[in-house]
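Summary of the model geometry
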Amino acid sequence: MRIAFIGQQEFGKQVLEAFLARGDEVAGVFCEPDKAGAKADVLREAAQGRGLTVYQFSSLRSPYAEHAMRELNADIGVMAYVTQFAPQSFVNIPRLGTIQFHPSLLPRHRGPSSISWPISQGATQTGVTIFRPTDGLDEGPVILQKACPIGADETLGELYFNKLFPLGVAGLLEAADLVVSGRHEERVQDESLATYEGWFHEQEAQVHWHQHVDQVYNLIRACNPAPGAWTMLGGVKTWLYDVRKHPVRTYGDVRGKPGEIASVSETSIFINAQGGRIEVLRLKAQGGKKMGAGEYARQVGLGAKG
């Protein structure tokens, strides 16, 4: 098949290489423009390294972008992690239209942080969706879905790189084959089941220790490695990464108020929440680097009250 490719970063690079490895023709690659001071887009570098035509339009809504797409004479468009808005007038140009990847089981978790939100809510399943892009964000007809479990202790990074990333690459290959061969079906999303959430940024990532320990634990998992769940620890803004959850089973096992340090060990800091404690194994204080929590506690003199 002859592909017009739209994407960015490592996921886009891996999808591009997967299509090329099996002999498909990539007519051109659309990437975001380079940003001053930012790391080079690995997709752009990979595409140029293979001698492919690369376009970097500031907007895919422009007549220049549409003209470039028409000139490619592609069978199908493939969108692999795209943060630019791609209008219908652009994505409908390839002969068989365009397909897009989204890391959730649509219509659940439409939006830009669709991996973090289900983890933070304690969900036990998620997946990937390949769908037709429309002018509504993540609202187009579904072509293919692949589900996977969310482990009870799985972090954002583990879920994405170990499960959703490879599922997404395979899903785009499979969906492209279905569309090009005329064997695909398109299912309209059920709006009664739909949810939308915005970015999971710093405000969403703040730890509230008076919440239940399960909620606190899920939040920290949902933010690891980015943006990082944070709290004030010893008066210093501190991001928490690797943690464990320890339920409290009796009143006598409670060791202080929510948010207070219950104890410090050689490797960990234990912090109280409602219903249990969070054992912090790895953290990063503002202005510092990631390090073991026990080592940090010794350096700054953190300990339990009383």
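As a reminder, the structure under discussion sits directly above these lines.
Read on for an overview of the structure. Sequence positions are assigned chain by chain, starting from 1 and proceeding in written order. Given that this is a predicted model, residues contribute local features only at a pLDDT of at least 70 and side-chain atom pairs are listed and counted only at 80 or more, while totals for whole chains, interfaces and linings are drawn from all residues. To get the side-chain values, take all heavy atoms of the structure and skip hydrogens and water.

Each helix corresponds to a stretch of at least 4 residues labelled H or I by DSSP, and each strand to a stretch of at least 2 residues labelled E; elements are numbered beginning at the N terminus. Looking at the element boundaries, alanine 47 is found in helix α2 (residues 42–49). Look at alanine 47 and you get buried, because its relative accessible area is 0%. Once the C-alpha coordinates of alanine 47 and arginine 108 are considered, the two residues, 61 residues apart in sequence, prove to be 33 Å apart. We call two residues in contact when some of their heavy atoms are within 4.5 Å. Residues within four places of alanine 47 in sequence aside, it is in contact with Leu16, Val29, Leu52 and Val54. Relative accessible area decides the class of each residue, using a 1.4 Å probe on protein chains only: under 20% of the type maximum gives buried, over 50% gives exposed, and in between gives partly exposed.

It is worth spelling out the environment of aspartate 190 at this point. Along the chain, aspartate 190 turns up in the loop between α6 (156–181) and α7 (213–222). A polar side-chain atom of aspartate 190 sits 2.6 Å from a polar atom in the side chain of serine 192. Whenever a nitrogen or oxygen atom comes within 3.5 Å of another N or O atom, the pair is scored as a polar contact, on the condition that within protein one atom can donate a hydrogen and the other can accept it, and that pairs from neighbouring residues in sequence are kept only if both atoms are in side chains.

Another point: the nonpolar core. The biggest cluster of nonpolar side chains holds 39 residues, and the ones touching the most others in it are Phe5, Phe11, Val15, Val29, Ile99 and Leu172. For this core, the leading source of residues is α6, giving 12 residues. Membership of the second largest hydrophobic core comes to 31 residues, among which are Ala205, Ile278, Tyr296 and Leu302. By nonpolar core we mean a set of buried residues, namely Ala, Val, Leu, Ile, Met, Phe, Trp, Tyr and Cys, connected to one another through side-chain atoms within 4.5 Å.

On to the sheet that holds strand β14 (residues 282–285), then. Being paired, for any two strands, means DSSP has found at least two bridges between them. Reading across the sheet, the 4 strands line up as β8-β9-β14-β15 and stay open at both edges, with antiparallel pairing between neighbours. Sheet topology places β8 (229–233) and β15 (291–292) at the edges, where each strand pairs with a single neighbour.

This paragraph deals with helix α3 (residues 63–72). Turning to α3, its buried residues number three or more, namely Ala65, Glu66, Ala68, Met69 and Leu72. For α3, the buried positions fall inside an angular range of 160° around the axis, keeping them on one side. Facing away from the buried surface of α3 by more than 90 degrees, the exposed residues are Pro63, Tyr64, Arg70 and Glu71. On its buried face, α3 sits against β1 (2–7), β2 (25–30), β3 (54–55) and α4 (88–91). Following α3 by one or two positions, asparagine 73 adopts a phi angle in the positive range, close to 50°. What the arc describes is the spread of directions from the helix axis to the C-beta atoms.

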